[in-house]
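Inside the fold
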Amino acid sequence: MWKFLLPVAAFVAIVVLFAFGLDPKRDIRALPSPLIGKPAPQFALTDVLDASRGVSNAALQGQVYVLNVWASWCLPCRQEHQALLAISQQHVVPIIGLDYMDEREKAKQWLEQLGNPYSAVAYDTDGRTAIDWGVYGAPETYLVDAKGRVIFKFISPITQEVWDKEFMPRINAARSGA
Amino acid sequence: MNAPRGGVVLAWAVALAAVSPYAQSAYAVEAAPIDSQGQLTNPALQLRYESIIKELRCLVCQNESIADSNVELAADLRRQVREMLIAGKSDKVIFSFMTDRYGEFVRFAPPLTAKTALIWGAPFFMLLLGGAIVYRVARQRSRMPLDE
């Protein structure tokens, strides 16, 4: 009996392992964020378009918002930019930009040429805000609920499909829960 | 006759030195200038700094430590470690600062917890399993007649 069961059990175990490990949809570089369910790290930076204007997420307390990490050097950010513009036109939640390891002039140019989907863009001069949020690349997009907790992190470019499938249900749930 | 032999000895000494751990520390010194600030003035802090940054994974190039990586994020994280050391933070505080933000994956050797028990236990489990198999096979063979 064991002679038969043991190989079968080993085979099933390997199939399960491979089904998970070799799943082409799984991004092996995407890491689960330890921030999920925790209070969003506070930041108080300046606006990339106007250095005299402050951008802080304390002002957003009480509403659901999205934080999108991007940079002008980031090619996949250019890829998601059209989708972000379209999403911002739907006026569901404020989209805050976090300009990561960038030069202010280049970032300004990007927003002027490609359009600005953000209600405000924080300029992360020295990468400290990015470290607090556990950013390790761009684009990365975080969803924060009305209680100021991070409820979702999406790594890689956003598309309308991703928005409808991953973000909208969570936004609706966060709103009905709050 | 002594002179060429001395030369051979010298050549061997040089070759051995090149592969010795001392040579590796020489590489570490060469790699150091990627930190624009240079070494920490306190040698004890510098030692702790070096051991901590070797233990932290660079999340951009996931199989390198932040000590080895030239990526900007690694430089930012090295600066963070440096500042926390100067501020008198303990290794434990520095590591939890990193894992709070980036998760356990940021450490090359994750601490032994219920979640990581499988990783730490797997080698011992494999060893036991292999031992059991060898034991069984050996016992079966020893029962076989010798002349067959």
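Residues numbered from 1 in each chain as written. Chains lettered and ligands numbered in written order. Predicted model: local features only at pLDDT ≥ 70, side-chain atom pairs only at ≥ 80, totals over all residues. Heavy atoms only, no water.

The next point concerns the overall build of chain A. Counting its secondary structure elements, chain A contains five helices and seven strands. N-terminal to C-terminal, the α/β element order of chain A is α-β-β-β-α-β-α-β-α-β-β-α. Taking all 178 residues of chain A together, the buried fraction comes to 45%. Once local pairs closer than 6 in sequence are excluded, the contacts in chain A between residues at least 24 apart make up 72%. (Helix = DSSP H or I, 4+ residues; strand = E, 2+ residues; numbered from the N terminus. Buried < 20%, exposed > 50% of the residue type's maximum accessible area, 1.4 Å probe, protein only. Contact = heavy atoms within 4.5 Å.)

Attention now moves to the side chain of Glu80(A). Residues and elements named next belong to chain A. As for its placement among the helices and strands, Glu80 is situated in helix H2 (residues 75-89). Although Glu80 lies buried, it forms no salt bridge, and the closest oppositely charged side chain, Arg78, sits 11 Å away as judged by the N-O distance. The contact partners of Glu80, leaving out residues within four places of it in the chain, are Asn68, Pro139, Thr141, Ser156, Pro157 and Ile158. (Lys, Arg positive; Asp, Glu negative; His and termini not counted. Salt bridge = Lys/Arg side-chain N within 4 Å of Asp/Glu carboxyl O.)

Another aspect to go through is the packing of aromatic side chains. Residue and element names in this part refer to chain A. Under the defined criterion, the tally for this structure stands at eight aromatic pairs over all chains. Between Trp70 and Tyr118 the ring centres are 5.7 Å apart and the planes differ by 10°, which places this aromatic pair in the stacked class. In this pair, Trp70 is assigned in strand S3 (residues 65-70) and Tyr118 in the loop between helix H3 (104-114) and strand S5 (120-124), connecting sequence segments 48 residues apart. In this structure, Trp70 and Tyr118 share a single accessibility class: buried. Each ring, one from Phe152 and one from Phe167, has its centre 5.2 Å from the other, and the planes form 75°; the classification is edge-to-face. With Phe152 in strand S7 (residues 150-155) and Phe167 in helix H5 (residues 160-177), the pair connects residues that are 15 residues apart, well separated along the chain. (Phe/Tyr/Trp six-rings, centres within 6.5 Å; stacked < 30°, edge-to-face > 60°.)

Should the pLDDT be low somewhere, the predicted coordinates at that spot are not to be read in detail. Residue and element names in this part refer to chain B. Put simply, chain B has an average pLDDT of 80, and 74% of its residues get 70 or more. Mean pLDDT across the secondary structure elements of chain B bottoms out at helix H2 (residues 21-31), with 42, and peaks at helix H5 (residues 91-102), with 95. In this model, residues 20-33 is a region of pLDDT below 50 whose contacts with residues beyond four sequence positions or in other chains number two contacts. (pLDDT = per-residue confidence, 0-100.)

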